[in-house]
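Remarks on the overall topology
Listed here are the chains, written in short residue letters.
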Amino acid sequence: SLPPEKYDPIKHACWNVGQPVPYIHLARTFDLVEAEKGKIKATSMLCNMFRSILALSPDDLLAAVYLCTDKIAADHENVELNIGGSLVTSALTEACGPSASEIREMYNNVGDLGDVAQRCWQTKKRQKLLAPTPPLLIRDVFSSLHKISSQTGSKSTGRKKSLIVNLMCACQEKEMKFLVRTLVRNLRIGAMMKTILPALAQAVAMNSFPSSADKHSASHIKEILQGLSTAVVEAYNILPNLDMLVPSLVKNSIGFSSSTLSMDPGIPIKPMLAKITNGVSQVLKLFENKAFSCEFKYDGQRAQIHRLSNGTIRVFSRNGDETTSKFPDLINIVDESCNRTEDTFIIDAEVVAVDRKNGCKLMSFQELSSRERGSKESSITLDSIKVEICVFVFDIMFANGEQLLKFPLRQRRKYLRDLFPDERPGYFRYAEEMTVEPNDACLGNESILNRMNTFLEDAWQCSCEGIMVKTLDVDAGYSPSKRADSWLKVKRDYVEGLGDSLDLVPIGAWHGNGRKAGWYSPFLMACYNPETEEFQSVCRVMSGFSDAFYKEMKEFFTGDRTLTKKPPYYRTLEVPDMWFSAELVWEIRGADLTISPVHQAGVGLVHQTRGISIRFPRFVRSVGDRNPEDCSSAADIARMFNAQPRKMDLTSGS
Ligand code: ATP
């Protein structure tokens, strides 16, 4: 249907044309969006807010978009606010009066520091203790947040606190709640990039045809809005940088397309992901009559490696965080392996720990993660490296100014070979590969299956997780951020039970008994449903943990990370002793998936009222390079459930 209710930006806005936008405009919108359950309405509220800013004070649009996304800079820039609950509490004491213990008590009841801050502010207002101050402006809040993030070194905490107190003292109405949530990076309005970018696109489109009803038919408008929303999301996936995207969108308006902006070495693109399968037979069925390639699925860390025009090499994780400082050896390896020094590129690879003295044997993921981290300020040094690495490259997305995403994999591989003609065992290798061409079908499916199974066995022998299977010619482009049909994975767990492990988020726990008294056990684990923006419970997990891990988690889940109330975006019928904020991702394995009366993963996808649960879950490892929202999705789990050889009879309602 046509977007949102009629909105008159001038009538609803509370400032004059060309004037800076007051922060209250954002806070009021956040308040509305927080109370709105429907995604379409929430998108329309954000859209209206963007429209008003665009119409009156477009210079403030970028800061407003950033504040909506709970970010102040692109992820790869590693700009961190680094503000903990205790700093906010201390600032709140200074700005509004209540002691730290009073704040903690309120927090225990309310479960949200923003709501607590709002109460403190209201009490102070009632007591008429607030001196009148000029209104907070979006641009001032944004620049103060940048100032806070740039404070380092001695007395930086004091300087941060005074910047926060200044902001707090200028708050009015609902501003305090959202200011504090922004400070602790938990805006909790249920709006993510997937909502915000379409809202922005719609705002730009609608402002470009104000008297749309006269000129365009409803279906034409709808088409334009949908097209622009898709283009903006696609553009963000290849260039996740709002500083470039927002001005370009405003400038090009409905003429903006996903190719308006080009990839830029130094800015990580969102990586392509694979779909789960339950074995090679399923792969063969899905890729019938297509040429495809099986590759080893290495068990290391994904590395998107960029060489910029000035020759610098930078490395980014699966999440888009910069990890260059962790891998000084990788920089040398890539530099020495590249054919020409002037080439620029973006390649996709897996970095794996290797034992070069022992036939370049591949080591475990744990070995790799034991390497020092390095930081923005100080890289680890080459001579301190104890765990050696080999780079296994498998794709290329950009070469010498040319965007290669649309080229099929077979062609992208030619670009790779041209840039990196030689392998160097133990340092730089292509992912081990086996190609199946459509005319191999004349040998019979049995023979192809045998070859694939042998290849899978080889992968396991080499300590790989399994294999990745990718189409070579048909639908074989690189799709950023997508779990595409053209990349399939087969993992060992299929043979042992589930087709794949799940990446789940601990959202709560019970107090342990017996040997585990004093620790948390079991933990309540959840997947994420991006459609409903909920964490939905999958299982309780109580095996696979070491004692040291239990202790670590007991210390980790304290203070702001424990919540006394279940947040509205946690969906489960379980009632654990403690609720946790969603911060960690753990890999969980199990036997199979079942329909559950208490767990709510994928509710509505395979059963109207029940969710999916995993039987005999056990903890495998922490997954460090993953945001909670990037854990297994409800749709992934539903797909795995449907792919299981034996399924429950859902019609019985049991
Ligand atoms: P998993 O937990 O199975 O690694 P994931 O969600 O990180 O899954 P998937 O898309 O499921 O990502 O699997 C692809 C991952 O496998 C990549 O992120 C990469 O780190 C790793 N990988 C190892 N070898 C390859 C390869 N040859 N091609 C693509 N990815 C590979």
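Residues numbered from 1 in each chain as written. Predicted model: local features only at pLDDT ≥ 70, side-chain atom pairs only at ≥ 80, totals over all residues.

In terms of helices and strands, the protein chain carries 22 helices and 22 strands. For a compact globule of 654 residues, the expected C-alpha radius of gyration is about 26 Å, and the protein chain comes in at 26 Å, within 12% of that figure. Overall size of the protein chain, expressed as C-alpha extent along the three principal axes, is 85 × 70 × 65 Å. For the protein chain, the residues scored as buried account for 43% of the 654 residues in total. For the protein chain, the proportion of contacts with a sequence separation of at least 24, taken over those separated by at least 6, is 75%. (Helix = DSSP H or I, 4+ residues; strand = E, 2+ residues; numbered from the N terminus. Rg over C-alpha atoms; globule rule 2.2 N^0.38 Å. Buried ≥ 20, exposed ≤ 12 C-beta atoms within 10 Å, placed from the backbone. Contact = placed C-beta atoms within 7 Å.)

Two numbers describe how helix α11 (residues 193-208) lies on helix α13 (residues 218-238): the axes approach to 8 Å, and their chain directions differ by 130°. Taken together, the axes of α11 and α13 are oblique relative to one another. As α11 runs across α13, the sense of the crossing is right-handed. Here Met 193, Leu 197, Pro 198, Leu 200, Ala 201, Gln 202, Val 204 and Ala 205 of α11 come into contact with α13, specifically with Ile 224, Leu 225, Leu 228, Ser 229, Val 232, Val 233 and Tyr 236. (Axes fitted to C-alpha atoms, helices over the stretch in contact; angles between N-to-C directions. Parallel < 35°, antiparallel > 145°, perpendicular 65-115°, else oblique. Left-handed = near helix turned anticlockwise from the far one by under 90°.)

Let's shift gears to the environment of Leu 382. Positionally, Leu 382 belongs in the loop between α17 (365-369) and β7 (388-399). What Leu 382 contacts, discounting residues up to four positions off in sequence, is Pro 328 and Asp 329.

Below, the discussion takes up the sheet that holds strand β1 (residues 273-276). With respect to topology, five strands assemble into an open sheet ordered β1-β12-β11-β2-β10, the strand pairing being mixed. What marks the edges here is a single partner per strand, and that holds for β1 and β10 (433-436). Ignoring which end each strand starts from, the neighbouring axes of this sheet average 35° apart. (Pairing = 2+ DSSP bridges.)

Among the nonpolar cores identified, the biggest contains 144 residues, and Leu 46, Phe 50, Ala 64, Leu 200, Val 352 and Val 391 are the most heavily contacted of them. Here this core takes 10 residues from β7, the largest share from any one element. Residues within four places of Val 352 in sequence aside, it is in contact with Tyr 298, Asp 299, Gly 300, Leu 362, Leu 368, Ile 389, Cys 390 and Phe 392. One finds Leu 524, Ala 582, Phe 619 and Phe 641 within the second-largest nonpolar core, a separate group that totals 41 residues. (Core = buried A, V, L, I, M, F, W, Y, C linked by C-beta atoms within 7 Å.)

Around the ligand lies a shell of 13 residues, among which Leu 273, Ala 274, Glu 295, Arg 302 and Ala 431 are the nearest. Within the residue set of the shell around the ligand, elements represented by two or more residues are β1 and β2 (292-297). Across the shell around the ligand, the residue classes tally to six nonpolar, no polar and seven charged. (Near = placed C-beta within 6 Å. Nonpolar A, V, L, I, M, F, W, Y, C, P; charged D, E, K, R; others polar.)

So, on to unusual backbone geometry. In this structure, Pro 522 follows Ser 521 across a cis peptide bond, with omega equal to -5°. With respect to the helices, strands and loops of the structure, Pro 522 is situated in strand β14 (residues 520-529). The phi torsion at Asp 475 lies on the positive side, around 50°, for a residue other than glycine. Along the chain, the position of Asp 475 falls in the loop between β11 (466-471) and β12 (483-491). The phi dihedral of Phe 616 is positive, around 50°, even though this residue is not glycine. Position of Phe 616 relative to the elements: it lies in the loop between β21 (611-614) and β22 (618-622). Owing to 13 C-beta atoms within 10 Å, Phe 616 belongs among the partly exposed residues under this scheme.

Relative to the helices and strands, Ala 199 resides in helix α11. For the pair Ala 199 and Lys 41, spaced 158 residues apart in sequence, the C-alpha to C-alpha distance is 10 Å. Other than its neighbours up to four places away in sequence, Ala 199 contacts Thr 43, Leu 46, Cys 47 and Phe 50.

In strand β19 (residues 586-589), alternate side chains face the same way, and those of Trp 586 and Ile 588 on one face and Glu 587 and Arg 589 on the other are all buried. Sheet topology places strand β13 (residues 502-511) next to β19; three bridges connect them, and they run antiparallel. Paired with Leu 502 across the bridge in β19 is Ile 588. Sheet topology note: the β19/β22 ladder contains four bridges and is antiparallel. Along β22, the bridge assignment pairs Arg 589 with Arg 618.

It is worth spelling out the environment of Thr 43 at this point. Looking at the secondary structure, you find Thr 43 in helix α3 (residues 39-56). Look at Thr 43 and you get buried, because 24 C-beta atoms sit within 10 Å. Along the sequence, Thr 43 and Asn 358 sit 315 residues apart, while their C-alpha atoms lie 56 Å from each other. Not counting the four nearest positions on each side in its chain, Thr 43 is found in contact with Thr 195, Pro 198 and Ala 199.

A few words now on the confidence of the model for the protein chain. In the predicted model, the protein chain carries a mean pLDDT of 88, and 93% of its residues have values of at least 70. Low pLDDT (under 50) marks residues 1-6, which in the prediction has 12 contacts with non-local residues, meaning those over four places away or in another chain. Every residue in residues 646-654 scores below 50 in pLDDT, and together they form five contacts with partners more than four places removed in sequence or on other chains. Both scores are given for the predicted complex: the pTM is 0.78, the ipTM 0.97. (pLDDT = per-residue confidence, 0-100.)

Attention shifts here to the packing of helix α7 (residues 113-126) against helix α10 (residues 175-183). Relative orientation and spacing of two packed helices are given, respectively, by the angle between their axes and the distance between those axes. Taken N-terminus to C-terminus, the directions of α7 and α10 make an angle of 145°; their axes are 7 Å apart at the nearest point. For the crossing formed where α7 meets α10, the hand is right-handed. Counting all contacts with α7, which are made through Leu 113, Gly 114, Asp 115, Ala 117, Gln 118 and Trp 121, the residues of α10 involved are Met 176, Lys 177, Phe 178, Val 180 and Arg 181. A breakdown of the residues in the contact of α7 with α10 according to their chemical character gives six nonpolar, two polar and three charged.

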